[in-house]
Amino acid sequence: MQYHFNTIEAKWQKYWAENQTFKASNTSEKPKYYVLDMFPYPSGAGLHVGHPLGYIASDIYARYKRHKGFNVLHPQGYDSFGLPAEQYAIQTGQHPAVTTETNIKTYRRQLDQIGFSFDWSREVRTSSPEYYKWTQWIFIQLFESWYNNESNKAEEISSLIAVFASEGNANVNAVCDDNIEVFTAEAWNNFNQKEQEEILLKYRLTYLAETEVNWCPALGTVLANDEIVNGVSERGGHPVLRKKMTQWSMRISAYAERLLQGLDTIDWTDSLKESQRNWIGKSVGASVTFNVNNHEEVIEVFTTRPDTIFGVSFMTLAPEHELVSQITTPEQKAEVDAYILATAKRSERDRMADVKTISGAFTGAYAEHPFSKEPIPIWIGDYVLAGYGTGAVMSVPCGDQRDYDFAKHFNIAIPNIFEGVDISEEAYAAKDNVKIANSDFLNGMNYKKASKRAIYDLEQLGQGEGKTNYRLRDAVFSRQRYWGEPFPVYYVNGMPQMIDKAHLPITLPEVEKYLPTETGEPPLGRADVWAWDTVNNKVVSNDLVMSSEVETSQHNGVFPLELNTMPGWAGSSWYFFSYMEEKAKRGEDFASEDALNYWENVDLYIGGSEHATGHLLYSRFWTKFLKDRAFVGVEEPFKKLINQGMILGTSAFIYREDGTNTYLSQGLIKDKKVAPIHVKVQYVNASDELDIESLKNDAEFGADYKDAEFLLENGVYKVGREVEKMSKSKYNVVSPDAICEQYGADSLRLYEMFLGPLEQAKPWNTAGITGVHGFLKKLWKLYVGENGLNVTDVAATKDNLKTLHKTIKKVEEDIENFSFNTSVSTFMIAVNELTAQKCTSKEVLEPLLALVSPYAPHIAEELYSQLGNEGSIATVAFPKFDASHLVESSKNYPISFNGKMRFTIELPMDLSKDEIEKAVMSNEKTIAQLEGRTPKKVIVVPGKIVNIVG
RNA sequence: GCUCAAGUGGCGGAAUUGGUAGACGCGUCGGAUUCAAAAUCCGAUUCUUCGGAGUGCGGGUUCGAUUCCCGCCUUGAGUACCA
């Protein structure tokens, strides 16, 4: 009987589905283990071979843990809100829900055919109302919370209101907006409702505020910082502008320190932690207040170098700084205005691209040095960013290269405050090994001491204090799009009101088009039934909306709903908690307390590193928030995280000679001028030869080549190859479907692992797949011969057991270390050895199946059942390693001369050091190698090596 | 510029506390089987002037370095005027 993988794989996939083999239970005697993949966005193109890489790895681990006796939760779902479905809807008019459903079906079929052990009964879709009901609920909880710096956690807003009512806000230590005015309890109690709500909005963890946002005109929406790559939108590569808009924001900055500290408690790669550290961008220093001559206003700056305060020779404000217009003198006004206009015109991208050009303008105003009281000229310059710190810096040209360059360019003085340091060529930015000079009371001190002293003296003056700054900005949470979660928010008198939990979800309304309205409102502005009836608690027609100015007695209680939707990261920031609860029980709460306490957090998370500063940071933020409010019990969502490397495509090129319709085989190009053109990789074989007929018959592009001439070399057309990102536009996408059909899912699984270390990026090249496929055939033949089963009850030989236990040891170590590529080699070696040993012993061959099962589950199930076993192999115990089978009686010693191995000598293991040396030195090969020389030294490491020196 | 990875045969890669560099697979070459092909099986395959040399380059530590230390080069990823 032959290895019919298609039949076998279909059979077992059906068996697993019918028997719910991988359904996890929330009550179990076994220890729990939660393995999670970053869930996919179901795009129209379907899966390519790069997507399953991480899924295969996590599936191997999940299956391994089941063999090891764990209750494993290994769920899957879809991040199904998002831009591509909406863009497609705009083009075709099809409802995004319809295309999303179709795409999910394709994904599911593709995932099923690879044989993953997912518990599909817990599937999550971010776009389903049952799910986003809870996304809306979490949003409400954030709105109803503030961050108390005293308790260092989020608390219910009611506790803040209580403080306001009893003692005002003077002693409140909260994370809030900068522009908070101090008020008394009496004042608070006399504020009207709207005034109180306005104040509370400055404290809430999600808040509505006018902020500078990244506006992408092409996509018609704002974007978060992590959605912008190199100054253009991550999706589509469109330009992004700065724009002031009223938007929902998340006060993630409140969690900056905890997000930073928490990194030390989790098992993630260093590079990933480093990305998050950089993104959070903590810097410790001081805030310093400079008085402005002839003005009431003061300039506040943040500096990491308070020790260099006597080196300040000018101040620089961001052109957008609000004081600029007030302090600029009439003589300088024209120059300053021109400069501001010029910088406003430059896009973010231009500014970034051209860092070298120094520009700025003098305001004509002077600040006063806090200690020396000397006047300091105030400049504006675009190297100071409005969005970081206070948008103003104290410029110390001798200690900061940018200040130095600016001073040189505009001929500003560069006082030297470092003892014995030459600053004629460049600034001295290092903190160590230098003493401060020309700095009054700081003279002779080092960085640490001078900083401390400067802060102390500034505090005495009331002009500064120690301060820690973070680069992490609050995250914009509104999107002007249709295909996202609607906010559970309506507006009374311009103030946002939350809809009660009992009436969630607020489902997406129908619209006739998915574009912004003619007046520039988001697509939800097109909905006719999009108003909230506060009396009947339901969504009603917009026609019923009455102005909130109307007197209460006359008012029908209908108000307009929020028109923005939530960003893509909303649904993905908590989905891992949803999986913890069985679908039927996700009603009263997003997950029961029992479920949350049982599964705690994700033990192993596998996904791409592109989510380093987006999803992975936001998820940590929401988890910490939910923990603070006691909705979940854990501080971190993902205990261990592994990034799988990207699978790259191997693009194929044909070469058209310029000005002709002739295509040259790669070897014929020589000096000719040619244009390389991508061709679909499926028309190219493993030897880089193009199938010209198929290319000419291609439905999409065949017509382009109908009359083309192809010049061959040695009878074939050779294409050029190049490794690039796998992408539709490069025609190098390989779908797993064809591989599964031709070689089977087990071959695909093994091959993806065999390609190399999981974390490394690697090009996809199908050439080697015959190797692993051949291995599966050999494995099959070891069990099943032409006339039926080969396996017998004969006792295992010593060699059989040695091979088996060597394999158990290696595979177990490999899985624990996520070194799946080496396991595949180990299996090959084991099968080669057992075949050579003509092993038929069930005692060896049955445990071997449990080792193979996580990697190639279908063939393992089939052979396991052919051996006469009932049920699935999935929970069979992992074979136990027994070291006694590996004990050797002799060792083939490598004999090295000066560290270089020349030959080996077989010697018994129980020889002493001296006996080994004696045996080696008297060996004729040693004597021949030494050619009469006397060795200076002989190193003998019993059981390892002999090294002869001299 | 800064941060983090990584450089090993024709190719993907292995070598888990410093101890036989190149496991395993692909490809290539030779052979068996076959009328022939596919499939299958067997053998060879780092380079070499046959002394040796050799893990990006140059040093160092060590009896011994792909592995540890110092300096450089290259490639990839992330980040970008962060005061």
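Just above, that's the structure.
Here's a quick rundown of the structure. (Residues numbered from 1 in each chain as written. Chains lettered and ligands numbered in written order. Predicted model: local features only at pLDDT ≥ 70, side-chain atom pairs only at ≥ 80, totals over all residues. Heavy atoms only, no water.)

### Observations concerning the protein's contact with RNA strand B
Move 1: Residues in contact with RNA strand B amount to 50 residues; listed here are only the nearest, Thr304, Tyr388, Arg402, Leu755 and Lys810.
Move 2: At the protein interface, 57% of the atoms of RNA strand B within 4 Å belong to sugar or phosphate.
Move 3: Separating a sugar or linking oxygen of RNA strand B from a side-chain N or O atom of Arg402 is a distance of 2.6 Å.
Move 4: In this structure, Leu755 approaches RNA strand B through a main-chain N or O atom, which is 2.5 Å from a sugar or linking oxygen. (Near = heavy atom within 4 Å. Polar contact = N/O pair within 3.5 Å; in protein donor to acceptor, adjacent residues only side chain to side chain.)

### Some details on the sheet that holds strand β10 (residues 241-250)
Move 1: Pairing is antiparallel in the open sheet, where four strands are placed in the order β7-β6-β10-β18. Across the chains shown, the open sheet's two edge strands, defined by having one partner strand only, are β7 (221-223) and β18 (475-476).
Move 2: With two bridges connecting them, β10 and β18 associate as antiparallel partners. Across the sheet, the residue bridging to Ser249 is Val476, located in β18. (Pairing = 2+ DSSP bridges. Helix = DSSP H or I, 4+ residues; strand = E, 2+ residues; numbered from the N terminus.)

### A look at the sheet that holds strand β3 (residues 145-148)
Move 1: Spatially, three strands are ordered β4-β3-β5 in an open sheet, and the strand pairing comes out antiparallel. Looking at strand neighbours, the two that pair on one side only are β4 (153-156) and β5 (174-175), the edges of this open sheet.
Move 2: In this sheet, β4 lies alongside β3 in antiparallel orientation, the contact comprising four bridges. Bridge pairing links Tyr147 to Ala154 in β4.

### A word on the nonpolar core
Move 1: Counting 101 residues, the largest nonpolar core has Ile654, Leu690, Phe710 and Tyr783 as its most contacted members.
Move 2: Contact partners of Tyr783, with chain neighbours within four places excluded, come to Gly788, Leu789, Asn790, Val791, Leu845, Leu848, Leu849, Leu863 and Leu867.
Move 3: Within the second largest apolar cluster, 95 residues are counted, among which are Ala24, Phe143, Leu616 and Leu617. (Core = buried A, V, L, I, M, F, W, Y, C linked by side-chain atoms within 4.5 Å. Buried < 20%, exposed > 50% of the residue type's maximum accessible area, 1.4 Å probe, protein only. Contact = heavy atoms within 4.5 Å.)

### Observations concerning the packing of aromatic side chains
For any pair of aromatic rings, the description rests on two quantities: the centre-to-centre distance and the angle between the ring planes.
Move 1: Considering all chains together, one arrives at 70 aromatic pairs under this definition.
Move 2: Look at Trp134 and Trp137: their rings are 5.5 Å apart centre to centre, the planes differ by 70 degrees, and that puts the pair in the edge-to-face class. Taken together, the residues Trp134 and Trp137, both in helix α5 (residues 129-143) and three residues apart, mark about one turn of the helix.
Move 3: Taken together through their ring pairs, the aromatic side chains of Tyr33, Tyr61, Tyr64, Phe70, Phe818, Phe820, Phe827, Tyr855 and Phe878 make up a single cluster. (Phe/Tyr/Trp six-rings, centres within 6.5 Å; stacked < 30°, edge-to-face > 60°.)

### Digging into the pattern of salt bridges
Move 1: A full pass over the atoms with the stated rule returns 39 salt bridges.
Move 2: A salt bridge links Arg749 to Asp59, with the shortest nitrogen-to-oxygen separation between them at 2.9 Å. With Arg749 in helix α23 (residues 745-754) and Asp59 in helix α2 (residues 52-67), this pair connects stretches of sequence that are 690 residues apart. Residues Arg749 and Asp59 agree in their burial class; the two are buried.
Move 3: Asp264 is the partner of Arg277 in a salt bridge, and the nearest nitrogen-oxygen pair spans 3.5 Å. Linking Arg277 in helix α10 (residues 270-280) with Asp264 in the loop between α9 (256-262) and α10, this pair joins segments that are 13 residues apart in sequence.
Move 4: The class for Asp264 is exposed, based on a relative accessible area of 55%.
Move 5: Salt bridges sharing partners connect three or more residues here, namely Arg258, Arg620, Lys624, Lys627, Asp628, Glu635 and Glu636. (Salt bridge = Lys/Arg side-chain N within 4 Å of Asp/Glu carboxyl O.)

### Some points on a negative patch on the surface
Move 1: There is a patch of like negative charges on the surface, built from Asp178, Glu300, Glu459 and Glu465.
Move 2: With respect to the helices, strands and loops of the structure, Asp178 is situated in the loop between β5 and α7 (185-190). (Patch = residues over 30% accessible without salt bridge, like charges linked within 9 Å, V, L, I, M, F, W, Y side chains within 5 Å. Areas by Shrake-Rupley, 256 points an atom, 1.4 Å probe, with all protein chains shown as cover. Lys, Arg positive; Asp, Glu negative; His and termini not counted. Charge placed at Lys NZ, Arg CZ, Asp CG, Glu CD.)

### Let's talk about the packing of helix α24 (residues 769-783) against helix α28 (residues 857-866)
To describe two helices that pack against each other, one gives the angle between their axes and the distance between the axes.
Move 1: Their axes nearest at 11 Å, the elements α24 and α28 cross at an angle of 5 degrees. When the axes of α24 and α28 are compared, the pair comes out roughly parallel. Facing Leu776, Leu779, Trp780 and Tyr783 of α24, the residues of α28 in contact are Ile859, Glu862, Leu863 and Gln866.
Move 2: Here the residues of the contact of α24 with α28 are counted per class, giving six nonpolar, one polar and one charged. (Axes fitted to C-alpha atoms, helices over the stretch in contact; angles between N-to-C directions. Parallel < 35°, antiparallel > 145°, perpendicular 65-115°, else oblique. Nonpolar A, V, L, I, M, F, W, Y, C, P; charged D, E, K, R; others polar.)

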